[in-house]
Every structure is written in C-alpha cells, then in structure tokens.
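# Observations on the model geometry
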Amino acid sequence: MSEKQDFSELQKLLRLKRLETPGPEYFDRFVDAFHVYQRREILQDKPWYANFGAFLLEPWFAGLPRLAPVAASCALVLAGVAVILGPLSQGSGHLADGKVAHPRGIVVASVQSGQSTEIQPELIDTAAGGDASDLRPLYVNGHGAVAYDSRLAF
Amino acid sequence: MSAEKALPLDLENGPTDEELVASTLKGDLGAYDELIRRFQGRLYGVIYHLTSNHEDTNDLLMEVFDKAYRSLPTFRGQSSFYTWIYRIAINRSFNFLDKRKRRQGAMSLNELDEEGLPKLDLADLSPQNNPNKSIMLNELQNKLNESMLKLSNEHRTVVTLFDIQGLAHSEIAKVMGCTEGTVRSRLHYAHKQLQKSLGIYLKR
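Residues numbered from 1 in each chain as written. Chains lettered and ligands numbered in written order. Predicted model: local features only at pLDDT ≥ 70, side-chain atom pairs only at ≥ 80, totals over all residues. Heavy atoms only, no water.

Moving on, we come to the overall build of chain B. Of the regular secondary structure elements, chain B holds 9 helices and 0 strands. N-terminal to C-terminal, the α/β element order of chain B is α-α-α-α-α-α-α-α-α. Expressed as a percentage of the 204 residues in chain B, the buried residues total 50%. Long-range pairs, those at least 24 residues apart, make up 64% of the contacts in chain B between residues at least 6 apart in sequence. Accessible surface, chain B: about 10,200 Å² in total, of which carbon and sulfur atoms supply 46%. (Helix = DSSP H or I, 4+ residues; strand = E, 2+ residues; numbered from the N terminus. Buried < 20%, exposed > 50% of the residue type's maximum accessible area, 1.4 Å probe, protein only. Contact = heavy atoms within 4.5 Å. Areas by Shrake-Rupley, 256 points an atom, 1.4 Å probe, with all protein chains shown as cover.)

This part takes up the overall build of chain A. When you go through chain A residue by residue, the secondary structure sums to 5 helices and 7 strands. For chain A, with 154 residues in total, the buried portion stands at 40%. For chain A, restricting intrachain contacts to residue pairs at least 6 apart in sequence, the fraction spanning at least 24 positions comes to 43%. Split by element, the accessible area of chain A, about 9,000 Å² in all, is 58% carbon and sulfur.

As a further point, take the side chain of B:S71. In this structure, B:S71 sits in helix α3 (residues 54-71). A polar side-chain atom of B:S71 sits 2.9 Å from the main-chain carbonyl oxygen of B:K67. (Polar contact = N/O pair within 3.5 Å; in protein donor to acceptor, adjacent residues only side chain to side chain.)

A few words on the packing of aromatic side chains. Aromatic ring pairs: the centre-centre distance and the angle between the two ring planes describe each pair. Going through the model one piece at a time under the given rule, you end up with 15 aromatic pairs over all chains. Taken together, a centroid distance of 5.7 Å and an interplanar angle of 45 degrees make the contact between B:F81 and B:W84 tilted. Highlighted residues: B:F81 and B:W84, both in helix α4 (residues 81-104), separated by 3 residues, approximately one helical turn. The residues B:F81 and B:W84 share a single accessibility class, namely buried. Among the aromatic residues, ring-to-ring pairing joins A:Y26, A:F27, A:F30, A:F34, A:Y37, B:Y32, B:Y44, B:Y48, B:F65 and B:Y69 into one connected group. For B:R42, the ring lying beneath its charged end belongs to B:F39, and the centroid distance is 4.8 Å. (Phe/Tyr/Trp six-rings, centres within 6.5 Å; stacked < 30°, edge-to-face > 60°. Lys NZ or Arg CZ within 6 Å of the ring centre and 35° of its normal.)

With that settled, the discussion passes to helix α2 (residues 30-51) of chain B. Residues and elements named next belong to chain B. End to end, α2 covers 30 Å across 22 residues, agreeing with the expected 32 Å (1.5 Å per residue, within 8%). Along α2, the helix axis deviates most sharply at F39, where the bend reaches about 45 degrees. Of all 22 residues in α2, 18 are buried; the element is thus mostly enclosed. (Expected span 1.5 Å × (residues − 1). Bend = angle between axes of the 7 residues up to and from the residue.)

So, on to the pattern of salt bridges. All names here are of chain B. Scanning the model with the defined rule gives 9 salt bridges over all chains in all. Salt-bridge contacts for R70 lead to D66; the nearest nitrogen and oxygen are separated by 3.1 Å. In this pair, R70 and D66 both sit in helix α3, 4 residues apart, roughly one turn of the helix. Looking at D66, the relative accessible area reads 7%, which means it is buried. Here the salt bridges do not stand alone but share partners, grouping D17, E34, R37 and R38 into one network. (Salt bridge = Lys/Arg side-chain N within 4 Å of Asp/Glu carboxyl O.)

This paragraph deals with helix α8 (residues 169-176) of chain B. All names here are of chain B. The element α8 is extensively covered by neighbouring structure, given that 6 of its 8 residues are classed as buried. Where α8 is concerned, the buried positions are H169, E171, I172, A173, V175 and M176. The positive-phi residue at the C-terminal boundary of α8 is G177, with phi of around 65 degrees.

Of all hydrophobic cores here, the largest spans 66 residues; its most connected members are B:F65 and B:Y86. Counting residues per element, this core draws most heavily on α2(B), which supplies 11 residues. Counting contributing residues per domain, this core is built from domain 1 (9-107) and domain 2 (117-204) of chain B, each supplying no fewer than three. Setting aside its immediate chain neighbours within four residues, B:F65 contacts A:F30, A:F34, B:Y32, B:I36, B:F39, B:Q40, B:L43 and B:I85. (Core = buried A, V, L, I, M, F, W, Y, C linked by side-chain atoms within 4.5 Å. Domains from an automatic or database assignment.)

Another aspect to go through is the confidence of the model for chain B. Residue and element names in this part refer to chain B. Looking at chain B, pLDDT values average 82 and 77% of them are 70 or higher. Low pLDDT (under 50) marks residues 1-10, which in the prediction has 20 contacts with non-local residues, meaning those over four places away or in another chain. When the criterion is pLDDT under 50, residues 114-127 qualifies, and its contacts beyond four places in sequence or with other chains add up to 28 contacts. The complex prediction reports pTM at 0.65, with the ipTM value standing at 0.76. (pLDDT = per-residue confidence, 0-100.)

The next subject is the packing of helix α3 (residues 24-44) of chain A against α2(B). Between α3(A) and α2(B), the shortest axis-to-axis distance is 10 Å and the interhelical angle comes to 120 degrees. Between α3(A) and α2(B), the angle is such that the two are oblique. Between α3(A) and α2(B) lies a crossing whose hand is right-handed. Mapping the contact onto sequence places A:Y26, A:F27, A:F30, A:V31, A:F34 and A:H35 in α3(A) and B:Y32, B:D33, B:I36, B:R37, B:Q40, B:G41 and B:Y44 in α2(B). Residue classes in the contact of α3(A) with α2(B) are distributed as 8 nonpolar, 3 polar and 2 charged. (Axes fitted to C-alpha atoms, helices over the stretch in contact; angles between N-to-C directions. Parallel < 35°, antiparallel > 145°, perpendicular 65-115°, else oblique. Left-handed = near helix turned anticlockwise from the far one by under 90°. Nonpolar A, V, L, I, M, F, W, Y, C, P; charged D, E, K, R; others polar.)

Scanning the entire structure with this criterion turns up 3 cavities of 30 Å³ or more. Taken together, A:K17, A:E20, B:Y48, B:H49, B:S52, B:N145 and B:M148 make up the full set of residues lining the second largest cavity. When grouped by side-chain class, the residues that make up the lining of the second largest cavity number 2 nonpolar, 3 polar and 2 charged. (1 Å grid on protein atoms, 1.4 Å probe; cavity = no way out; pocket = protein on both sides within 12 Å on 5 of 7 lines; lining within 4 Å. Points joined across faces, edges and corners; volume = space filled by probe spheres on them.)

Below, the structure written as structure tokens:
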C-alpha cells in the first residue's frame, strides 16, 4: 500500500500533538479539583425547571428565530410554575436515605414531613466538621451520596 | 497499519480497571481516584484534540468523570472500562461541539487556547535551527490545527485516537461503535484531507 508511505510524514507531525498537554501539576491537582467540582454540583441542587428552561432557551442561542417566540412563551409559563413549586425544593436536595444536601453542608439526618424536608440544624454536619467550603470530597452514585475519606458513614 | 508507539492501556502493576470499578461500587472510593489518575491524561488528550480549547477540555473532563461515576452502577462490564469511559468522553465532546457550532458557527483559529501551557515548538525538534525554518514550522503547526478543525467530528476522532493516542484500529472500533473497516476508511479519508491541506509543507 503506497499510501502508507505517503502519510508517514503527516503521521509524524500528528504525533507531535501529543506534546500539547498541560504540565504534570495540572494532573496532580486534577483529582482534588474534581472532588470540589462534584461537591459543588451536588450542593447546587439545580431544580428541574432550571434544566428545562435551559433546554427551551437553546433555540434562542442557536439563532433560530422561528422557535424563539415559542421558547419565550414556554419560559414565561415555566417561570410561573417555578414560582408556585419552587419552595418545595428550595435550598436542599436528597442525597441518600434520609440525607439531604444543603447549601450549608451535608445533612446527616433529617425528618420527612409531608412533601418537604425539615432540616434539623443541630444535626447538620459536614464531612470536615466545618462549613460547606470545608467539606471533604464527596461522590454521588445512583444510590445516593457517600462521603469520601470522612468520618461519616453513610 | 498500526501506530508506531502505542500508549499502554493498562498499568503493568496493581489492580485492573475492572477491579477498581468493582472496588468503587463496593464503597472503596479511593479506587475511583485511581481510575481518574489512570485516565485523566488520555481523556484530556481526546477531548482537547476534539475541541482545541483547554478551558473547555477541563470542564468537559470534569463532566465526563462525574457522569461516569454516576453511571457506574449501570456499567455491566460488557465492554472494558476504558472503552466505556472513552465513549462517554467522545459523546460529551460531540454534544459540546454541536452546541458550539450552533451558537458560534465554525470555530476560528483565534479562539484556540494556547495560554499557560507548554507550547509545541516544532523548531526545537528540528535538526537545523534556522529562523526561516522556525517560522515555517510555527506556520505548519497553525495550519495543522486549522486542518484538524476542518475535519468532521468522526474523522477528527479517528485521527486523534489513532495517530495521537496510538490506539489500535480494533480498539477505536469498539470505542466508536463501528467496524474496523469503517475506522480504516475514515482514517484514510482524514489522512488524505490533511495531506491535501498540509502537502505543501510536508514536501519540503
């Protein structure tokens, strides 16, 4: 296959792109940065209508003027629904059995009452024992949250 | 046709990827850290060569590991972990590229992010270090990036996985969910396109 020879110079050049990578410091810090990222994602607790709103507004950003009025109308309706339903999930999100992610930290115990969750301030604890910014890395899987390398046993 | 120097897919010592997955699912979360360390460099490379932007790559890499962690309970082990996570990375990158294309149109070279990172200096790699050659090589580097961005997502992915990452055709086929023949065909087409764009430089 003569083509193979023809591409050899090109392939040498492409291999040089392996050098286009951050230094080792970036990768040394990446795991820690990932823990911070994941914790932030958990604690942000985006309500369902935020994602739905972003989906509806996508045509607008994409420059599709025909769909923009439709998206705007839906966004207005959605805003109304959010105002009504918003308080139900305000400030917290379920992480695991009986545990709730709250902007103030990871709740280790909570009491369910009706549709809302009552957070017991005295039971609020964080994996690091401090405020939310001091939380230790946290992972979440399909079953709920688990604290990583912490004294909390979920 | 195989890559001259394939990157190893498994570390020679220590637990296998699948063992680390099993440990993670059992609650040993340090095992997932180890998986991240094993794959962060390679996945960074895949995403970066698809997006050509380091900031976007960083964000996407976080998303990929997060998505993979959340989906780990559904990982059945029908494919290897590296195939599975590569797929996640590629799918996420494609979604991102589609959105970026819709919002901004084709990305211009001016948007390529080269700050704060070791710059690829082809001149240093050249045996003859004369100024004219240096200028030409930098121009070649820009032209190469520009030509890569002109390829379709699928063609750019194949070039990235084969020529830059050193994966074998069979591995690329598994990652991309297509046949080896398709991989070879895409690779041949992509090489032809790149050769066409860069031929004038490569002949010198």
